[in-house]
Amino acid sequence: MLKKFILFIDRCHWLWLFLAAPFLVFPSPNRSLAMLVVPALWILGLWKKRIENRKLKIENSVDSSRRVRDYSGFPITPLNSSLLLLAIMLLISLWATYSIEQSLEKISGLVLGLGVYFAIVRESRKTLGWWLSLVVFLGGGLGWALIGFLGTNWQIRFGFLRPLITRIPNLPSGVPGLEAGLQHNAVGGTLLWVLPLFLVLSVYTSKSSTNSNSYSIVLPKIIRGTKASWVLRSLLWLTTLFIISVLLLTQSRGTYLAFGISVIVMLLIVLPKRWRWGLLIGLVLTAVLLVVFLFQANGWEGFISLLGLTGQKGFSLDTMAVRLEIWTRAIYGVQDFPFTGMGMNTFREVVHVLYPLFTIDPNFDIAHAHNEFLQAALDLGIPGLIAFISIYIISLWMLVKVWKGPQPDGTTVNMPQLLQNNEFLHDQGLRRVMVLGLGGGLFGHMIFGMTDAITLGAKPGIFFWLLLGLIVGLYNRIEDIKLAK
């Protein structure tokens, strides 16, 4: 009876996490016990793993030739060591913070993110679970774009956008978390996680034939017709163009730069060799011409003046000087709290006390260090920074492995269940599209994180953990194919 109860609770792990999510998204000291749901689910997963391993040993003893990847219970992933270090530093930060209440929002957000990551990895063990997780990721991205479109505290940095921005309806100010409106850089930085995947899926479905293997995998039988596929393409393109429009309206220059770089990198990966060299030569010539123009105009300000754009705030470099000052204060903070960090979400208060800013009013909330890597070190110390960097490195390594992964042909694979389950990885084109989209989102946001930040534990950061879960799910499918040979 106890085993059945444990298996039932564990089987519905995503439901308990979903029920606990509102308490973690909008935390308070009285609701802080909700954070125990996540480690409790992990403990149950380990307990279930022990039960399932006993059963697996018995089955393997009957058929010694059977090679099956152990997917029972708590997921073992390439990111576990980095996440363990991150979790340890989270606990240490509780000792370092000057106020747990100040740190509580980001702490509970990070706990929720870790719970979402492992939930997505577990569901991704099944092909249907991976696709459902992908739908949640894309649907959430569209939802965020809608919220950003209606709830952002818009600023006018480029004059040509004024007629559009002044006509955008605003959400009621009473909506929780949107009283002052969303910050435009946060909206743009979050969209960077999802937009590359929307873009490559739109291009891929437009180029694919409705009778191709790709469509036989992607589309359920009920929507595999010509009309239904046309509707799917149209919806994908409309959604992609809408998200691009919202990103454009944010007027976040860091977001523009990050998205542009990510698109260029994706093109360099997929273009034929001669086109790749043409793109590189074009980029080099553009950079050289820009340097020449800047030199002749005596710098950026002179160049903008020649173009007649002096009055446009979007072309000013004033905010860069502010960021440089914030970065110097952040480095001082890392030097003073190298091993423990100063506690999550405390830099915004501590900076005005220990490291006063000269160009920013003491009453102004700078929110974060405007650099995700510096912010990770401030929140969780240098060990936390190492864990954060290693998450990026390992995730990109997994994507490379998926890109170069084997191509199952039905004759070399000894696990028919892979194809019987409509295994999507037997189509190399679709697999690489997923790598481009997920990798483009991860890489693009990493570039954005050099000059701005969606801090660990921030509400929009849930997309980061969804993205990581999908990447690990892809990687696990490749490992399944290797084990099946």
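The rules behind the values
- Counting restarts for each chain: residues are numbered from 1 in the order of the written sequence.
- Whole-chain, interface and lining totals are the exception, using all residues; otherwise, since this is a predicted model, local features are given only for residues with pLDDT of at least 70 and side-chain atom pairs are given and counted only at 80 or more.
- Computation of side-chain values covers all heavy atoms of the structure but excludes hydrogens and water.
- Secondary structure counts use DSSP, requiring at least four H or I residues in a row for a helix and at least two E residues in a row for a strand, with both numbered from the N terminus.
- Classification of residues uses two cut-offs on accessible area relative to the type maximum, computed with a 1.4 Å probe and protein chains only: under 20% is buried, over 50% is exposed, and between them is partly exposed.
- Each patch is assembled from residues with relative accessible area greater than 30% and no salt bridge, linking like charges that lie within 9 Å and nonpolar side chains (Val, Leu, Ile, Met, Phe, Trp, Tyr) that lie within 5 Å.
- Computed with the Shrake-Rupley method and a 1.4 Å probe, the accessible areas treat only the protein chains shown as cover for residues.
- Here, a salt bridge means any side-chain nitrogen of Lys or Arg that lies within 4 Å of a carboxyl oxygen of Asp or Glu.
- Axis lines are fitted to C-alpha atoms, over the contacting stretch for helices. Their N-to-C directions set the angle, which ranges from 0 to 180 degrees.
- Throughout, the term roughly parallel applies to angles under 35 degrees, roughly antiparallel to angles over 145, roughly perpendicular to angles from 65 to 115, and oblique to all others.
- Note on convention: near helix rotated counterclockwise from far helix by under a right angle means a left-handed crossing. Clockwise means right-handed.
- Contacts were defined at the residue level, with two residues in contact if any of their heavy atoms lie within 4.5 Å.
- We call Asp, Glu, Lys and Arg charged. Ala, Val, Leu, Ile, Met, Phe, Trp, Tyr, Cys and Pro are nonpolar, and the rest, Gly among them, are polar.

Undergrad: Account for the environment of Leu-164, naming residues and giving values.
TA: One can find Leu-164 in helix H7 (residues 162–165). Residue Leu-164 is classed as exposed on the basis of its relative accessible area of 52%. The sequence separation of Leu-164 and Leu-249 amounts to 85 residues, and the corresponding C-alpha distance is 8.5 Å.

Undergrad: So, a nonpolar patch on the surface: which residues are in play, and what are the values?
TA: Together, Trp-277, Leu-280, Ile-281, Leu-283 and Leu-285 line one region of the surface with nonpolar side chains, adding up to about 480 Å² of accessible area. Checked against the element boundaries, Leu-283 lands in helix H12 (residues 273–296). In this structure Leu-283 comes out as partly exposed when scored by relative accessible area, which is 33%.

Undergrad: Break down the packing of helix H8 (residues 184–207) against helix H18 (residues 428–448) for me, citing the residues and quoting the values.
TA: Their axes nearest at 8 Å, the elements H8 and H18 cross at an angle of 160°. Taken together, H8 and H18 sit at an angle that is classed as roughly antiparallel. With respect to the hand of their crossing, H8 and H18 are arranged in right-handed fashion. Counting all contacts with H8, which are made through Asn-185, Gly-189, Leu-192, Trp-193, Pro-196, Leu-197, Val-200, Leu-201 and Tyr-204, the residues of H18 involved are Gly-429, Leu-430, Val-433, Met-434, Leu-436, Gly-437, Leu-438, Gly-440, Gly-441, Gly-444, His-445 and Phe-448. Residue composition of the contact of H8 with H18, by class: 13 nonpolar, eight polar and no charged.

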